[in-house]
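The primary structure of each chain is shown beneath.
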Amino acid sequence: MSNHVNICTEKRKGVIAPELHSQFIEFLGSCIYDGIWVGEDSKIPNYRGIRKDVVDALKLVEPPVIRWPGGCFADTYHWRNGIGDRASRPVTYNENFDTYEIDDNQFGTHEFMDFCNMLGAKPWFGINVLSGSVQEMRDWIEYCNRSEETDLSRLRKENGAEAPFGVEYWGIGNEPWFGGGMMTAQLYAQEFRKYSAAMPLCDFRNAKKGQGLKKIACGPDGNKPKERVQWTKDFFAEIGRYRQPQVDAYDLHFYNWNVLKDDDSDVDFDENAWKRVIKSSLELEDVILEQYALIQEGIRNFPESEGFDEPEEYKCDLIVGEWGNWHGSASRTRPALYQQCTMRDAITTALTLDIFHRNCDIVKMACMAQTVNVLNSLILTSGEHTILTPNYDVFLMYKVHRDAEKIEIDTKSLDEDIYLFASGKDQEIYVNIINADCKNAKTVELSFDKEAEAVNVQTLKSSCMTDYNSVEEPDKIRKTHGKIPVKTDGKYVFCADAASVNVLTFSVKDR
Ligand code: AHR
């Protein structure tokens, strides 16, 4: 089959928000304790208690936003436990997703902000709606964001942060349909009304219209086809009933579940399982399109406003706050939800990021679950060792797409194992070519509507589909510079190796 694609370099639609490459960390398993926080006295090199090798690796990824402290954990987290002298912090117990560990609260608000600041990431704080209170949320926002001298802002200063943290993203609850309270969409919408109405603006009060704190509502369980439709309909109907409080963003969660087959673990699977998991990762695109349409419909059904001023257009961004592969073996292992990442995970990570890129006009942020030691990780730690998974390389390779414009291409005639995405920024065009065939290399022909010169190729591949990076072989799968294709008869012919993710850069002259 001929895999030929013609790229019209000016057929651009929508800018890829860097926030689509965001991250999620939680007090779960060894994500934060061991994975990120080791403490200042650890023999593992650290920056003020935070693992140096993890920070150094993530600095290259430049995560735009990091969501914390959960996840489900957020819905039992009391932020006051995590501030002040570390030796005197309360000791609690973490049962989140079978973590079953003593929690000495060493990594709290200041440590998380230190982590974000080192990486240049914006924080997204998750508010405890289940066992917390509206007042507790108000105090946390005040503690973080107030510049005027109040007891809480003084306490922040005493604890070492003179300037407010300026936290903009606030998630109201987490998965209220399950661990976050087993709520109905109507009940959750009522909670959202209360919490969002009580949020102090602090330093954001003088912000230009539409630029205050971002109130993020919980969206549905993306893995439940009927429930997710009903949830979104019910939520927006309830929000619409009176006064329509602003929902700045709606947070959909979708995991690529691989839990039904006992013979398919994170590192031990056959070709059928390779194909099945890759295929099921693609379902997210339909879920996004469906949820976006439901949000718009919900807003359209809001009653006409009876205010004095002309009503502003009501906008609500779609966010995917948790995504990634979830293999069955993760639920049977210690630390909780720890899983290895093979080339199969790297392929689905690339495919998922391309779903976001392709739908950049409707998805505005996405956080991968989770950055370290949990599920679809970028980084795994083992004692003093730090392993960068192949997913890490995908994030690095895909950085070129941030702030680029999506280029619409017709991919209908491509071989079923070949996936393409292209974007353009200034004089450069970036083309992702994923070959999901685990055995055979495939040839792809690219032509352009303009003079384009191939200038760079980055390739991530593995010779065996179950390969992964480990303490023994930390660089078994690592991105490399590939052979730059040569133009013949007006076309570039690129050979995509079996099981590979490739990013090709072209330079166009007359823009
Ligand atoms: O990412 C692991 C868990 O999955 C999160 O805590 C929860 O929000 C989701 O169910």
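Because the structure is predicted, anything quoted here is derived from the model rather than measured. (Residues numbered from 1 in each chain as written. Predicted model: local features only at pLDDT ≥ 70, side-chain atom pairs only at ≥ 80, totals over all residues. Heavy atoms only, no water.)

Overview of the overall build of the chain
At step 1: What the chain contains, in helices and strands, is ten helices and 25 strands.
At step 2: Relative to the 2.2 N^0.38 estimate, which gives 24 Å for 511 residues, the radius of gyration of the chain is 23 Å and therefore close to what a compact globule would have.
At step 3: Taken over the C-alpha atoms alone, the chain extends approximately 70 × 60 × 45 Å along its principal axes.
At step 4: Split into buried and exposed, the 511 residues of the chain put 59% on the buried side.
At step 5: Taking the intrachain contacts of the chain between residues at least 6 apart in sequence as the baseline, contacts between residues at least 24 apart amount to 77%.
At step 6: Accessible surface, the chain as shown: approximately 21,300 Å² in total, 48% of it carbon and sulfur.
At step 7: Taking the average place of the 59 positive charges on the side chains of the chain and the average place of its 82 negative ones, the gap between the two points comes to 3 Å. (Helix = DSSP H or I, 4+ residues; strand = E, 2+ residues; numbered from the N terminus. Rg over C-alpha atoms; globule rule 2.2 N^0.38 Å. Buried < 20%, exposed > 50% of the residue type's maximum accessible area, 1.4 Å probe, protein only. Contact = heavy atoms within 4.5 Å. Areas by Shrake-Rupley, 256 points an atom, 1.4 Å probe, with all protein chains shown as cover. Lys, Arg positive; Asp, Glu negative; His and termini not counted. Charge placed at Lys NZ, Arg CZ, Asp CG, Glu CD.)

Some thoughts on the packing of helix 1 (residues 52–61) against helix 10 (residues 390–398)
At step 1: One can describe the packing of helix 1 onto helix 10 by two numbers: an axis separation of 9 Å at closest approach and a directional angle of 35°. Mapping the contact onto sequence places Ala 57, Leu 60 and Val 61 in helix 1 and Tyr 392, Phe 395 and Leu 396 in helix 10.
At step 2: In terms of residue class, the contact of helix 1 with helix 10 is made up of six nonpolar, no polar and no charged. (Axes fitted to C-alpha atoms, helices over the stretch in contact; angles between N-to-C directions. Nonpolar A, V, L, I, M, F, W, Y, C, P; charged D, E, K, R; others polar.)

As for the pattern of salt bridges
At step 1: With the rule as written, the count across this model stands at 44 salt bridges.
At step 2: Of the charged contacts, one joins Asp 417 and Lys 442 as a salt bridge, the two residues approaching to 3.5 Å between their closest N and O atoms. Placement of the pair is Asp 417 in the loop between strand 17 (405–407) and strand 18 (418–425) and Lys 442 in strand 20 (residues 442–448), with a sequence separation of 25 residues. Each member of the pair, Asp 417 together with Lys 442, is buried.
At step 3: A salt bridge links Glu 451 to Lys 487, with the shortest nitrogen-to-oxygen separation between them at 3.4 Å. Taken as a pair, Glu 451 in the loop between strand 20 and strand 21 (452–461) and Lys 487 in strand 23 (residues 487–488) lie far apart in primary sequence, 36 residues in all.
At step 4: If you follow the salt bridges from partner to partner, you end up with Glu 40, Arg 86, Arg 89 and Glu 111 in one network. (Salt bridge = Lys/Arg side-chain N within 4 Å of Asp/Glu carboxyl O.)

Some details on the site of the ligand
At step 1: Taken together, 13 residues sit near the ligand, with Glu 26, Cys 72, Glu 175, Tyr 255 and Glu 322 positioned nearest.
At step 2: Measuring from an oxygen atom of the ligand, one finds a side-chain N or O atom of Glu 26 at 2.7 Å.
At step 3: Within the side chain of Tyr 255, an N or O atom sits 2.7 Å from an oxygen atom of the ligand.
At step 4: The fraction of the free accessible surface of the ligand (290 Å²) that becomes covered by protein chains is 96%.
At step 5: Here the shell around the ligand is built from residues that sort into seven nonpolar, three polar and three charged. (Near = heavy atom within 4 Å. Polar contact = N/O pair within 3.5 Å; in protein donor to acceptor, adjacent residues only side chain to side chain.)

Re the sheet that holds strand 22 (residues 480–481)
At step 1: Strand order in the open sheet made by the seven strands is 2-17-18-19-25-21-22, with antiparallel pairing throughout. In this open sheet, the two strands that pair with only one neighbour each are strand 2 (12–15) and strand 22.
At step 2: Looking at chain direction, strand 17 and strand 18 are connected through three bridges and run antiparallel. Residue pairing for strand 18: Ile 407 is matched across the bridge by Ala 422.
At step 3: On the sheet, helix 9 (residues 343–358) packs against strand 17, strand 18, strand 19 (428–435), strand 21 and strand 25 (500–508) and is oriented at approximately 135° with respect to strand 19.
At step 4: Running at roughly 165° to strand 21, helix 10 makes contact with strand 19, strand 21 and strand 25 of the sheet. (Pairing = 2+ DSSP bridges.)

Side note on unusual backbone geometry
Peptide bonds are, in most cases, trans, and in most cases residues other than glycine have a negative phi.
At step 1: For the bond running from Trp 68 to Pro 69, omega is 5°, close enough to zero to count as cis.
At step 2: Take Pro 69: it is sitting in the loop between strand 6 (65–68) and strand 7 (92–94).
At step 3: Here Leu 375, not a glycine, exhibits a phi torsion of approximately 55°, which is positive.
At step 4: As for its placement among the helices and strands, Leu 375 is situated in the loop between strand 14 (363–369) and strand 15 (379–382).

Comments concerning the sheet that holds strand 24 (residues 491–496)
At step 1: Spatially, four strands are ordered 1-20-24-23 in an open sheet, and the strand pairing comes out mixed. On the outer flanks of this sheet lie strand 1 (3–7) and strand 23, each paired with one strand and no other.
At step 2: Judged from the five bridges that link them, strand 20 and strand 24 form a sheet pairing that is antiparallel. Considered in strand 24, the bridge of Thr 443 is made with Cys 495.

A closer look at the side chain of Asp 248
At step 1: Assignment of secondary structure puts Asp 248 in the loop between helix 6 (225–241) and strand 12 (249–258).
At step 2: With no salt bridge to any partner, buried Asp 248 finds its closest opposite charge in Lys 215, at an N-O distance of 5.6 Å.
At step 3: Among the polar contacts made by the side chain of Asp 248, one reaches the main-chain amide nitrogen of Lys 215 at a distance of 2.8 Å.
At step 4: For Asp 248, the contacting residues outside a window of four places in its chain are Leu 213, Lys 214, Lys 215, Lys 315, Cys 316 and Asp 317.

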